[in-house]
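The residues making up each chain are set out below.
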Amino acid sequence: MNPDLRRERAAASFNPDLLTHILDGGAQNTRRRREIENLILNDPDFQHEDLNFLTRSQRFEVAVKKSATLVKKIREFGISDPDEIMWFKNVRKINFVEPVSVHFSMFIPTLLNQATRAQQEKWLAPARGFEIIGTYAQTELGHGTHLRGLETTATYDPETQEFILNSPTVTSIKWWPGGLGKTSNHAIVLAQLYTKGKCYGLHAFIVPLREIGTHKPLPGITVGDIGPKFGYDEMDNGYLKMDHYRIPRENMLMKYAQVKPDGTYVKPVSNKLTYGTMVFVRSFLVGESARALAKACTIAIRYSAVRRQSEIKPSEPEPQILDFQTQQYKLFPLLATAYALHFVGAYMKETYHRINEDIGHGDLSELPELHALTAGLKAFTSWTANAAIEACRMACGGHGYSHCSGLPNIYVTFTPTCTFEGENTVMMLQTARFLMKSYEQVQSGKLVCGMVSYLNDLPSQRIQPQQVAVWPASADISSPDGLTEVYKLRAARLVEIAAKNLQTEVSRRESKEVAWNLTSIDLVRASEAHCHYVVVKLFTEQLLKIQDKSLQTVLRNLCLLYSLYGISQKAGDFLQESILTDAQVTQVHQRIRELLTVIRPDAVALVDAFDFQDVSLGSVLGRYDGNVYENLFEWAKSSPLNKTEVHESYYKYLKPLQSKL
């Protein structure tokens, strides 16, 4: 063990294992997760070369092999609980994706949520048994987040009782689905439904793509890999073109909407139910944002405790770079953010399952807010984590640029989250639409509930700037509850500003759509403020659930740092709306500096509590034992370029030049 890391851990004010139990939702969950992880940590079937030294084709082959092995092991160990399967998969992920991940995360969940009982009986067993390997084909070359613009058609033929799937244009070719290129033999395809000469919008269809046994594309199907990307080298993101391809009527997922044998369309209770898979994935991605950022923070903070450089006082030994205030300011707010996003992710997971169960019983009352919350928080958390991961890489200096740090892989694997399952700006505008409707309800005298209930208090919040002198005693900067109120006030103000600006633009022109576009900056700003308030609120509420005093203290400090840092980054909002004074913002900056000093002794223990095994962290810089430099050298020596003392390119190109001198 590196002596610096040993000292850091010995100086911690709390037991990291106890905090791990909170993150896992209980000691029993931690024990079970570790049991599952240990089942495969040393399993020879999962060993392979360092992926960073392989070609894309080799990385894809390794990933497919690992995916197949994973399925076999899950069967062998009898693991069936979805959370346990996720724990099992995450151990061997090492910051890269699996070609079958969409099969688990979208294909099967769509069958569970949108297929009838008869369809589930037909399709689920083969899907779980991997006779069927599925993907989710929604995005097209010409359209992604704007679902109404998708061009793929599914036209019902009552004479044969079949749907005719067609890609009528180049831009209608399905593009980007993970696992589509070479792995999947089925896809859930989103297409515009036509029956009896009328279009009824997007619906989901189970579409066979490849022949079972030979894996060759079926007649009428053109399918392949879209090529290299910024990352995701192991994933065969694909394209799909269908040429008047016929599927049976029962291949339309009909839990909510139906097409009768004669072509009669039966509409669903709510059109939003068609997008249930996207809502599920967006809620899941909030937790993934926390996980990716937690990995990056673990690497950067452990390395900062090991790395010694420069001087604070002349003639003294070089300090750990974690002792520099600037390094703490770079990393500790991000650490606090990782914890905040973790608790938000847990809340979203629980909320999704609760509301989805209500929907199953016919209660759709909370569906609009679920859509708005998953869209907004998916955008807010992925934008936040994406920027923070890059900040962690930069905080590691030159070594952070090397793949051995693990940080480039974390970044390129995570950054697509900002655009898939809904481009983030569009997601924020979807949330804004819900906020504007809620505001209109309040203005008409109705009460709203849920996370937007603060809008009910708008009249009492219309305070003139000269009336705001100091925070109320219950809302000082040392109180998470007080900071929650401050964020609530900011959200209410910005929602009201956006609503009034929208109303003004609507009054100036006939088109509401044009008015919406001309107000969209304010609308995104309001959505961001709403999501920021939700995160602060949920983090603060988590503190009330913690009994252990040492854990409550350290998490309270993180909650304060997260909230105060957010104010410092958005000070203009709080000052412009007279929520805070100049003096109060100055106090915020001072309190942040104090919290950096308070959190410093616990920083390593706080990342240890995330409980990432070295093999799943995939980083030389973030090793638990801190032995960075020896292993950096060993990693470099394993580069394929070092297999020979003299590379063949020297003899081919450089030596002929030298012989002419």
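Summarised in this report is the structure supplied together with it. Keep in mind that what you see is a predicted model, and the values were worked out from it rather than measured.

Here's the deal with the overall build of the protein
The helix and strand inventory of the protein stands at 23 helices and 11 strands. For the protein, whose C-alpha radius of gyration is 27 Å, the value lies close to the compact-globule estimate of 26 Å for 661 residues. Viewed in the frame of its principal axes, the protein has a C-alpha envelope of about 90 × 80 × 60 Å. The proportion of buried residues among the 661 residues of the protein is 54%. Across the protein, every contact between residues at least 6 apart in sequence was considered, and the portion connecting residues at least 24 apart equals 74%.

Here we look at the sheet that holds strand 4 (residues 174-175)
Ordered in space as 4-8-7, the three strands form an open sheet in which the pairing is antiparallel. Edge positions in the sheet fall to strand 4 and strand 7 (221-225), since each has one partner strand and no second. As paired strands, strand 4 and strand 8 (residues 238-242) are joined by two bridges and run antiparallel to one another. The residue of strand 8 that forms the bridge with W175 is Y239.

Details of the pattern of salt bridges
Inspection of the entire model under this criterion finds 34 salt bridges. In this structure, the salt-bridge partner of R600 is E8, at a minimum N-O distance of 2.7 Å. Of this pair, R600 sits in the loop between helix 19 (582-599) and helix 20 (603-608) while E8 is found in helix 1 (residues 3-10), placing the two residues 592 residues apart along the sequence. On the basis of relative accessible area, R600 is assigned to the buried category, the value being 10%. Salt bridges sharing partners connect three or more residues here, namely D17, D24, R33, R34, E37 and D611.

Quick word on helix 1
What helix 1 keeps buried is the set D4, L5, E8 and R9. Viewed end-on, helix 1 has its buried residues packed into an arc of 130 degrees, placing them on one side of the element. Packed against the buried residues of helix 1 are helix 8 (276-306) and helix 20.

Quick word on a positive patch on the surface
Taken together, the side chains of R148, K272, R433 and K437 make up a positively charged region of the molecular surface. By the secondary structure assignment, K272 is in the loop between strand 11 (265-266) and helix 8. Taking relative accessible area as the criterion, K272 reaches 37% and is therefore assigned partly exposed.

Side note on the packing of helix 17 (residues 549-569) against helix 19
Two elements in contact, helix 17 and helix 19, have axes separated by 9 Å at closest approach and are oriented at 145 degrees. For helix 17 against helix 19, the interelement crossing comes out left-handed. Between helix 17, through N557, L558, L560, L561, L564, Y565, I567 and S568, and helix 19, the contact on the second element is made entirely by V588, H589, R591, I592, L595, L596, V598 and I599.

Examining the packing of helix 8 against helix 9 (residues 325-360)
Look at helix 8 against helix 9: their axes get within 8 Å of each other, and the N-to-C directions meet at 155 degrees. Taken together, the axes of helix 8 and helix 9 are roughly antiparallel relative to one another. Judged by the sense of rotation from one axis to the other, the crossing of helix 8 with helix 9 is left-handed.

Things to note about the pairing of strand 3 (residues 162-166)
Regular strands show a simple pattern: their side chains alternate between the two faces of the sheet. The buried fraction of strand 3 is high, at four of five residues. Judged from the five bridges that link them, strand 2 (residues 153-157) and strand 3 form a sheet pairing that is antiparallel. Looking at strand 3, one finds that D157 is bridged to E162. Linking strand 2 back to strand 3 in an antiparallel pair, the connection comprises four residues, with Q161 at a positive phi of about 55 degrees.

Thoughts on the state of the cysteines
The tally for this structure, following the rule as stated, stands at zero disulfides. Of the cysteine sulfurs around C297, a residue in no disulfide, the closest is that of C392, at 4.1 Å.

Describing the pairing of strand 5 (residues 186-195)
Burial analysis of strand 5 places nine of its 10 residues in the buried class, the great majority of the element. Looking at chain direction, strand 1 (residues 134-137) and strand 5 are connected through four bridges and run parallel. Note on strand 5: the bridge partner recorded for G134 is H186. Of the strand pairs in this sheet, strand 2 and strand 5 are connected by three bridges, and their pairing is parallel. Counterpart to T153 in the pairing with strand 5 is Q192.

Brief notes about the packing of aromatic side chains
Enumeration over the complete set of coordinates arrives at 15 aromatic pairs. Note on F53 and W635: the rings are 4.9 Å apart at their centroids and 40 degrees apart in plane angle, and the pair reads as tilted. Here the residue F53 occupies a position in the loop between helix 3 (27-40) and helix 4 (56-77), and W635 occupies one in helix 22 (residues 628-637), the gap between them amounting to 582 residues. Residue class for F53 comes out partly exposed when judged on its relative accessible area of 22%. With centroids separated by 6.3 Å and ring planes inclined at 85 degrees, the aromatic side chains of F230 and Y411 adopt a geometry described as edge-to-face. You can see F230 sitting in the loop between strand 7 and strand 8 and its partner Y411 sitting in helix 11 (residues 407-414), a full 181 residues away along the chain. Take F230: its relative accessible area is 62%, and that puts it in the exposed class. Three or more aromatic residues joined by ring pairs make a cluster, and in this case those are Y156, F163 and F205. It is R9 that lies over the ring of Y624; its NZ or CZ is 3.6 Å from the centre. Above the face of the W516 ring, R433 is positioned so that its terminal group lies 4.2 Å from the ring centre.

What to know about unusual backbone geometry
Even without being a glycine, F130 presents a positive backbone phi close to 70 degrees. Mapped onto the elements of the fold, F130 is located in the loop between helix 7 (117-128) and strand 1. For F130, a relative accessible area of 18% gives the class buried. Positive phi values are uncommon outside glycine, yet K196 reaches one of about 55 degrees. Within the element layout of this structure, K196 appears in the loop between strand 5 and strand 6 (198-208).

Brief notes about the environment of E350
Summarising the element assignment, E350 is placed in helix 9. For E350 and F104, which are 246 residues apart along the polypeptide, the C-alpha to C-alpha distance reads 19 Å.

Points about the environment of L193
Checked against the element boundaries, L193 lands in strand 5. Judged by its relative accessible area of 0%, L193 is buried. When the C-alpha positions of L193 and V259 are compared, they lie 9.6 Å apart, and in sequence the two are 66 residues distant. In this structure, L193 is in contact with A154, F163, K198, C199, Y200, G201, H203, F205, M252, V259 and Y265, ignoring residues within four places of it in sequence.

What counts, and at which threshold
- Residues numbered from 1 in each chain as written.
- Predicted model: local features only at pLDDT ≥ 70, side-chain atom pairs only at ≥ 80, totals over all residues.
- Heavy atoms only, no water.
- Helix = DSSP H or I, 4+ residues; strand = E, 2+ residues; numbered from the N terminus.
- Rg over C-alpha atoms; globule rule 2.2 N^0.38 Å.
- Buried < 20%, exposed > 50% of the residue type's maximum accessible area, 1.4 Å probe, protein only.
- Contact = heavy atoms within 4.5 Å.
- Pairing = 2+ DSSP bridges.
- Salt bridge = Lys/Arg side-chain N within 4 Å of Asp/Glu carboxyl O.
- Arc of directions from axis to C-beta.
- Patch = residues over 30% accessible without salt bridge, like charges linked within 9 Å, V, L, I, M, F, W, Y side chains within 5 Å.
- Areas by Shrake-Rupley, 256 points an atom, 1.4 Å probe, with all protein chains shown as cover.
- Lys, Arg positive; Asp, Glu negative; His and termini not counted.
- Charge placed at Lys NZ, Arg CZ, Asp CG, Glu CD.
- Axes fitted to C-alpha atoms, helices over the stretch in contact; angles between N-to-C directions.
- Left-handed = near helix turned anticlockwise from the far one by under 90°.
- Parallel < 35°, antiparallel > 145°, perpendicular 65-115°, else oblique.
- Disulfide = S-S within 2.5 Å.
- Phe/Tyr/Trp six-rings, centres within 6.5 Å; stacked < 30°, edge-to-face > 60°.
- Lys NZ or Arg CZ within 6 Å of the ring centre and 35° of its normal.

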